[in-house]
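Residue-level structure breakdown
So you can see what is in the structure, the chains are spelled out below.
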Amino acid sequence: MRAKAAVLWGLKESWQIEEVELDDPEPQEVLVSMVAAGLCHSDEHLVTGDIPIALPAVGGHEGAGVVEKVGARVTSVQVGDHVVMSFIPSCGRCRPCASGHQNLCDLGRHLMLGTPIANGIHRMRAKGQGLAPMSLVGCFASHQVLHEASVIKIDPDIGLDKAALVSCGVATGWGSAVHTARVEPGDVVVVVGVGGIGSNAVQGARNAGARAIVAVDPVELKRQSAQRFGATHTASDVFEAYSLVNDLTRGELADSAIITTDVARGDLLGPVLSLVRKGGAVVVTAIAPFSQAEVTLSLFELTLWQKEVRGSLFGGGNPRVDIPKILTLYREGDVLLDELITRTYPLAGINEGYQDMRDGRNVRGLLVFD
Ligand SMILES: NC(=O)c1ccc[n+]([C@@H]2O[C@H](COP(=O)([O-])OP(=O)(O)OC[C@H]3O[C@@H](n4cnc5c(N)ncnc54)[C@H](O)[C@@H]3O)[C@@H](O)[C@H]2O)c1
Ligand SMILES: [Zn+2]
Ligand SMILES: [Zn+2]
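Sequence order as written defines residue numbering, which begins from 1 separately in each chain. Going through the entries in the order they are written, you letter the chains from A and number the ligands from 1. This being a predicted model, a pLDDT of at least 70 is required before a residue's local features are given, and a value of 80 or more before pairs of side-chain atoms are given or counted; all residues contribute to the totals for chains, interfaces and linings.

Some thoughts on the sheet that holds strand E16 (residues 276-284)
Pairing is parallel across the open sheet formed by six strands, whose spatial order is E14-E13-E12-E15-E16-E17. On the outer flanks of this sheet lie strand E14 (233-235) and strand E17 (308-311), each paired with one strand and no other. Averaged over all pairs of adjacent strands, the angle between their axes in this sheet comes to 20°, without regard to strand direction. For two strands to be treated as a pair, DSSP must find at least two bridges joining them. Put simply, DSSP H or I for four residues or longer makes a helix, DSSP E for two residues or longer makes a strand, and each gets a number counted from the N terminus. Sheet topology note: the strand E12 (residues 188-192)/strand E13 (residues 212-216) ladder contains five bridges and is parallel. Paired with Val192 across the two strands is Val216, which belongs to E13. Angles run from 0 to 180 degrees between N-to-C directions of axes, and those axes are lines fitted to C-alpha atoms, restricted for helices to the stretch in contact.

A closer look at helix H9 (residues 319-331)
Residue count minus one, scaled by 1.5 Å, sets the expected span of a helix. Its 13 residues place the ends of H9 18 Å apart at the C-alpha level, agreeing with the 18 Å of an ideal helix rising 1.5 Å per residue. Among the residues making up H9, those that are buried are Pro319, Asp322, Ile323, Ile326, Leu327 and Tyr330. Down the axis of H9, the sector holding all buried residues measures 130°, keeping them to one side. Check the buried side of H9 and you find it contacts strand E6 (82-85), strand E11 (151-154) and helix H3 (160-180). Gly333 sits one or two positions beyond H9 and adopts a positive phi of about 85°. Counting other C-beta atoms within 10 Å of each residue's C-beta, where C-beta atoms are placed from the backbone, gives the exposure class: buried for 20 or more, exposed for 12 or fewer, partly exposed between. The directions considered for the arc run from the helix axis to the C-beta atoms. Think of it this way: build a C-beta for each residue from its backbone, and any pair within 7 Å is a contact.

Points about the sheet that holds strand E7 (residues 124-126)
Reading across the sheet, the six strands line up as E8-E7-E2-E1-E4-E9 and stay open at both edges, with mixed pairing between neighbours. Edge positions in the open sheet fall to strand E8 (129-130) and strand E9 (132-133), since each of these has one partner strand only. Pairing of strand E1 (residues 2-8) with strand E2 (residues 16-22) involves six bridges; the strand directions are antiparallel. Along E2, the bridge assignment pairs Ala3 with Val20.

Here you go:
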């Protein structure tokens, strides 16, 4: 069939809207008609080359839509089902999946190659070239063919525009606090960078019972919006946050700090490590450039105050558990989704949407398909 998609042909270029050819689904695949897709910073990492996937690529890994066709061996969804994409495919059988770590599923080996799990042949083509789907999802497209492992059925009463956000940003941020930082009632938590992911780390920390949540961001709009999601205090940089946290805890310092800045920088880790107490943890959710290998932090402090630095992929959660759970929290008013969407764009407005993200104008921009 013919579809429309936002394609990245080369590094540091803008997204081009192309008419594309899309194949029928293979036996374990589904055809999804997209309804909405979030403008997560991770797709910007494709543009900058921080995440080195093969180009040309069709972007988008945070989305939701309706199943239009299913392959003969698909068992988990039917035509007409509402689905949220999972940027981490999960097989349910590999060692990580079987031990409750679906976010680390071995199917993840296909992510950077961008080649379909079923047979390695691209399903989408433009100008005669195969297009690698970002995170095997590629939801900056009117339609997409995805492996069953990359889609999760959800209840039809939840708006697919809101559900799209839970696909990556909400689940990743929320889980960074709940699963990776392991926030407990009464904790003091710092979230460094309160855009699409960090705002949801704030929500996760609030759900987990934190008594104080310090949102750090140089952009005033982000500091203000973080308060709607549960931030009790704000600071424009880590050093300002230090004196706040010091006062809030009588010098004990924060239980955990979560880094959700646009790009993970090696020189930020040291100051953030200094925000947490003895035995405290720093969670790194932001993604650094692939080639970035240097980090500055006090190893003395790490060892003698027994601090921890923890990476977090998909918030350390299980997509098939956390996505439905967060949607239930939304339905019950405990997680806010509507307030995350600053502005919506048609597919053709994608470059404007990303410019708004770079300029700090959006908590989350959202593409909405016709
Ligand atoms: N680990 C994962 O599974 C995962 C999943 C999705 C996204 N990510 C990554 O998370 C990061 C955040 O993504 P996003 O979509 O929220 O981006 P975003 O652009 O919406 O938000 C980033 C925020 O960081 C702020 N910021 C920049 N420098 C800062 C600093 N020095 N101190 C404090 N705040 C600062 C910006 O003002 C902005 O508000 C990106 O690196 C993205 O790739 C990781
Ligand atoms: Zn994302
Ligand atoms: Zn698996």
